[in-house]
Amino acid sequence: MARRYRPVERDQQFLLAPNMADWLADDHLVWFILDAVEQLDTSAFHARRRTGGAGRAGYDPDMLLALLIYAYASGQRSSRRIERLCADHVAYRVVCAQDVPDHTTIARFRSEHDAALIDVFAQVLRLCAQAGMVEVGSVAIDGTKIAANASMSANRSQQWVREQARRIAETAVGEAAAVDAAEDAAEAAAGGPPPAVAPELKTRAGRAAAIAKAMAEIAEQDARQARDDAADADRQEQYLQRVEAGEVVAGAPPAGVDQVRLWQARLVRQQQRLAPLIGVRGTRQARQRGDIRKLVRKAEARLADAQQRQAQGLVDHRGSAARHRTRRAARGPKGSPVVNLTDPQARLMVEGRGGGSVQAYNSQIVCSDDHFVVGVHVSQDANDTHCWTPALAAATAHTQSLGKSIGLVLADNGYFTEDNLTSPGPDRLIAPGKGRTLEHDTRLPTQNPPPPDLSASEAMRHRLRNPDQLQRYRRRSATVEPVIGQLKDRTGLRRFARRGLQAVTAELHLAAAALNLTHLHHALR
């Protein structure tokens, strides 16, 4: 046991080595990121800078880019926090060479270079491929909800937004002060303003700008809803035509399908199956008659119920439960569509298995088999159904630029639609159900390729009953889910720091680039 404590000498000079290169180990992540940035084409960042004139010298864009990448790689995204670390943390002091940029400079640099940050992701991926990484023989895709930089309390109904826009248009500029005073008095009488009010909503000019953005988003929502309704109607009609033709269509019918036509077609089909068995003797035939008659009675009851609801003018929305959960999440407590005043492009979405609502963006991540992100896509869609094509297109473009081609795409049942199964692109295995369903189906395994007369969904079910194909699909969760976990935990991207679809897309690309560089650094150590 030592006789005394270690000495504490805070007045010692040169606590750090005089040479900054000796402050950190040679294999530290900081040196790796600085070397990587030197290999990138950063001309897009320099193009917005001006030199050679009078005034204070600006910060080197290469330094700011390296600072942002290292900050995201170490889980820091707040510009104010990064500024403090540049003064307190040795690694950050190395990046900025002890010339600390203020938080405004950091935030402005990040917000002014959306396209350049997206290109940085592509260049980083190219560096990883040159190092022998990025195996794309098999890739996996999955979506995750990342919270928006907006509060759910800032959601307003479309009717409220339109009413506020009308009031602002009718109120003269000279009456603005009186209106503000009246609103302040009303808030004081009610006990103060509501909690978590965004700063831009505290002034009349800020509210007017926010409402103008919300009105533009409402117009876009209406146009998107019209397109979705047309696509839904087409999908419902195709489904009904297949059922009326006598085809057995697996899975739940599309949401909003005409229940009267559906059960009429099912009743006709069961009656056609029952007709040849009438009067035929035999135990097996008798059992079949009994089973079919039960189905006939069920169809008759459902048809009568659907006809009664139709006569009463009630809308029957039976169909995909997941689709209805996501649609309900995007609506207010009274069922009307809502828009957020802080970030009008963010959406209310169902988060995880618990079913809670969150103001978020749907972020799609495509990963290679060796856990490098090869493509990302940010969407306002509450589920993953329509995200397959753009996410896969982004990943395909990046891999083709590397001179590689994707061999197989793995995806869960959130992408299981006829459109996604038949869209152009590489081979794919998309699960028709949860993992327990797939394991249950293997009790009747298949060995041969699916027959050519099967629909795309039935052919995929047939393929995944093959033990070899199921074994290939099992790599999905081990490929993409750890990367999503690292993206949220290592880079801290559980909530976007910026607002707007374009801004969060650039931020996601930056976080993915930082994550790829971190993986490459660990792989080469």
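Since the model is a prediction, treat every value here as computed from it, not as a measurement.

Colleague: How do you make sense of the pattern of salt bridges when you look at a structure like this?
Modeller: Proximity of charged atoms lets side chains of opposite charge pair with each other. Under the counting rule described, the total for this entry stands at ten salt bridges. The salt bridge partner of Glu507 is Arg77, with a shortest N-O separation of 3.3 Å. With Glu507 in helix H20 (residues 501–524) and Arg77 in the loop between helix H3 (61–73) and helix H4 (79–88), this pair connects stretches of sequence that are 430 residues apart. Between Asp114 and Arg498 there is a salt bridge, with the nearest N and O atoms lying 2.6 Å from each other. Linking Asp114 in helix H7 (residues 114–130) with Arg498 in the loop between helix H19 (475–489) and H20, this pair joins segments that are 384 residues apart in sequence. Residue Asp114 is classed as buried on the basis of its relative accessible area of 11%.

Colleague: For this particular structure, what's the right way to read the packing of H3 against helix H6 (residues 103–111)?
Modeller: Helix-helix packing is characterised by the crossing angle of the two axes and by the distance between the axes. The geometry of H3 relative to H6 is characterised by a closest axis approach of 11 Å and an angle of 90 degrees between their N-to-C directions. Classified by the angle their axes make, H3 and H6 are roughly perpendicular. Residue-level contacts link Pro61, Leu64, Leu65, Leu67, Leu68 and Tyr72 of H3 to Thr105, Ile106, Phe109 and Arg110 of H6. A per-class count over the contact of H3 with H6 returns eight nonpolar, one polar and one charged.

Colleague: I would appreciate a short explanation of the packing of aromatic side chains in the present structure.
Modeller: Two descriptors summarise a pair of aromatic rings, namely the distance from one centre to the other and the angle between the planes of the rings. Overall, the coordinates contain four aromatic pairs when judged by the stated rule. Between Tyr361 and Phe496, the ring centres sit 6.0 Å apart and the planes meet at 80 degrees, which makes this aromatic pair edge-to-face. On the criterion of sequence distance, the pair formed by Tyr361 in strand E5 (residues 356–368) and Phe496 in the loop between H19 and H20 is long-range, its members being 135 residues apart. Residue class for Tyr361 comes out buried when judged on its relative accessible area of 0%. For Phe496, a relative accessible area of 1% translates into the label buried. Positioned over the ring face of Trp263 is Arg266, at 4.8 Å from the centre of the ring.

Colleague: How do you make sense of the side chain of Arg347 when you look at a structure like this?
Modeller: One can find Arg347 in strand E4 (residues 347–351). When its relative accessible area of 10% is taken as the criterion, Arg347 is described as buried. Within the structure, the side chain of Arg347 is placed 3.4 Å from the backbone oxygen of Gln345, a separation counted as a polar contact.

Colleague: Just to check I follow, could you spell out unusual backbone geometry for this structure?
Modeller: Among all residues except glycine, the phi angle is most often negative; among peptide bonds, the trans geometry is most common. A positive phi angle, near 65 degrees, is found at Gln98, a position not held by glycine. Within the fold, Gln98 resides in the loop between helix H5 (90–95) and H6. Within the chain, Val134 stands out as a residue other than glycine whose phi angle is a positive 65 degrees. Summarising the element assignment, Val134 is placed in the loop between H7 and strand E1 (138–147).

Colleague: Which parts of the structure should I look at to understand helix H1 (residues 29–39)?
Modeller: An α-helix turns once every 3.6 residues. As a result, residues three or four positions apart point the same way. Restricting attention to buried positions, one finds in H1 the residues Leu29, Val30, Phe32, Ile33, Ala36 and Val37. Across the axial projection of H1, the buried residues extend over an arc of 160 degrees, all falling on one side. Within H1, the exposed residues directed more than 90 degrees away from the buried face are Glu38 and Gln39. At its buried positions, H1 is contacted by H3, H5, H7 and H20.

Colleague: What am I meant to see in the nonpolar core here?
Modeller: One broad trend across soluble globular proteins is that nonpolar side chains are buried collectively. Ranked by internal contacts, the top residues of the largest apolar core, which has 96 residues, are Leu65, Ile69, Val134, Ile365, Val373 and Leu508. Counting residues per element, this core draws most heavily on H3, which supplies eleven residues. Residues Leu240, Leu267, Ile292 and Leu303 belong to the second largest nonpolar core, which totals 17 residues.

Colleague: Looking at this model, I keep getting lost on the packing of H19 against H20. Mind explaining?
Modeller: Where H19 contacts H20, the two axes come as close as 10 Å, and the packing angle between them is 110 degrees. For the element pair H19 / H20, the angle class is roughly perpendicular. For the pair H19 and H20, the contacting residues are Val483, Gln486 and Leu487 in the first and Leu508, Ala511, Ala512, Leu515 and His519 in the second. In terms of residue class, the contact of H19 with H20 is built from six nonpolar, two polar and no charged.

Colleague: So what exactly am I meant to see when it comes to helix H11 (residues 259–274) here?
Modeller: Taking 1.5 Å of rise per residue, 16 residues should cover 22 Å, and H11 covers 22 Å from first to last C-alpha, within 8% of that figure. Along H11, the residues that are buried comprise Gln259, Val260, Leu262, Trp263, Ala265, Leu267, Gln270 and Leu274. A side-chain oxygen of the first residue of H11 lies 3.0 Å from the backbone nitrogen of Val260; this N-cap is Asp258.

Colleague: Any chance you could explain the pairing of E4 here in plain terms?
Modeller: A regular strand places its side chains on the two faces of the sheet in alternate fashion. The element E4 is extensively covered by neighbouring structure, given that four of its five residues are classed as buried. With five bridges connecting them, E4 and E5 associate as antiparallel partners. The partner of Met349 across the bridge, within E5, is Val358.

Colleague: Just to check I follow, could you spell out the pairing of strand E6 (residues 373–379) for this structure?
Modeller: In terms of residue burial, E6 counts as a mostly covered element, since six of its seven residues are buried. With antiparallel pairing between neighbouring strands as the criterion, E5 and E6 make up a hairpin whose turn holds four residues, including His371 at a positive phi of roughly 70 degrees.

Colleague: Honestly, the environment of Ala394 in this entry has me stumped. Any pointers?
Modeller: Tracing the backbone shows Ala394 in helix H14 (residues 388–401). Along the primary structure Ala394 and Gly375 are separated by 19 residues, whereas in three dimensions their C-alpha atoms are 5.4 Å apart. Ala394 has contacts with Val374 and Val376, leaving out every residue within four places of it along the chain.

Colleague: What should I look at first to understand the confidence of the model for the chain in this one?
Modeller: Close inspection of predicted coordinates is inappropriate for parts of the model with low pLDDT. For the chain, per-residue confidence averages 82 on the pLDDT scale, and 80% of positions sit at 70 or higher. Low pLDDT (under 50) marks residues 320–330, which in the prediction has 23 contacts with non-local residues, meaning those over four places away or in another chain.

Rules of the game
All chains use their own residue numbering, which begins from 1 and follows the written sequence. Only residues with pLDDT of at least 70 get local features here, since the model is predicted, and only at 80 or more are side-chain atom pairs given and counted; chain-wide, interface and lining totals rely on the full set of residues. Hydrogens are left out, water is left out, and the side-chain values use all remaining heavy atoms of the structure. Here a salt bridge means any side-chain nitrogen of Lys or Arg lying within 4 Å of a carboxyl oxygen belonging to Asp or Glu. Helix and strand assignments follow DSSP, with helices taken as H or I runs no shorter than four residues and strands as E runs no shorter than two, numbered in order from the N terminus. Residue burial is assigned from relative accessible area. The probe radius is 1.4 Å, only protein chains are included, and a residue is buried under 20% of its type maximum, exposed over 50%, and partly exposed in between. Between N-to-C directions, angles cover 0 to 180 degrees, with each direction set by a line fitted to C-alpha atoms, over the stretch in contact for helices. What sets the label is the angle itself: under 35 degrees gives roughly parallel, over 145 gives roughly antiparallel, 65 to 115 gives roughly perpendicular, and the rest give oblique. Throughout, a residue-residue contact means that at least one pair of heavy atoms, one from each residue, lies within 4.5 Å. When residue character is reported, Ala, Val, Leu, Ile, Met, Phe, Trp, Tyr, Cys and Pro are called nonpolar, Asp, Glu, Lys and Arg charged, and the others, Gly included, polar. Under the pairing criterion, centres of Phe, Tyr and Trp rings, with the six-membered ring standing for Trp, must be within 6.5 Å; the plane angle then separates stacked pairs below 30 degrees from edge-to-face pairs above 60, leaving the rest tilted. Two conditions define a charge sitting above a ring: the NZ of Lys or the CZ of Arg must be within 6 Å of the ring centre, and it must be within 35 degrees of the ring normal. Polar contact is the term for a pair of N or O atoms within 3.5 Å; when the atoms are in protein, one must be able to donate a hydrogen and the other to accept it, and sequence-neighboring residues count only if both atoms are side-chain atoms. Think of it as the arc spanned by the lines of direction from the helix axis to the C-beta atoms. To qualify as a nonpolar core, a set must consist of buried Ala, Val, Leu, Ile, Met, Phe, Trp, Tyr and Cys residues joined through side-chain atoms within 4.5 Å. Here a helix's expected span is defined as the number of its residues, less one, multiplied by 1.5 Å. At least two DSSP bridges between two strands are required for those strands to pair. Confidence of the predictor at the level of single residues is given by pLDDT, which spans 0 to 100.

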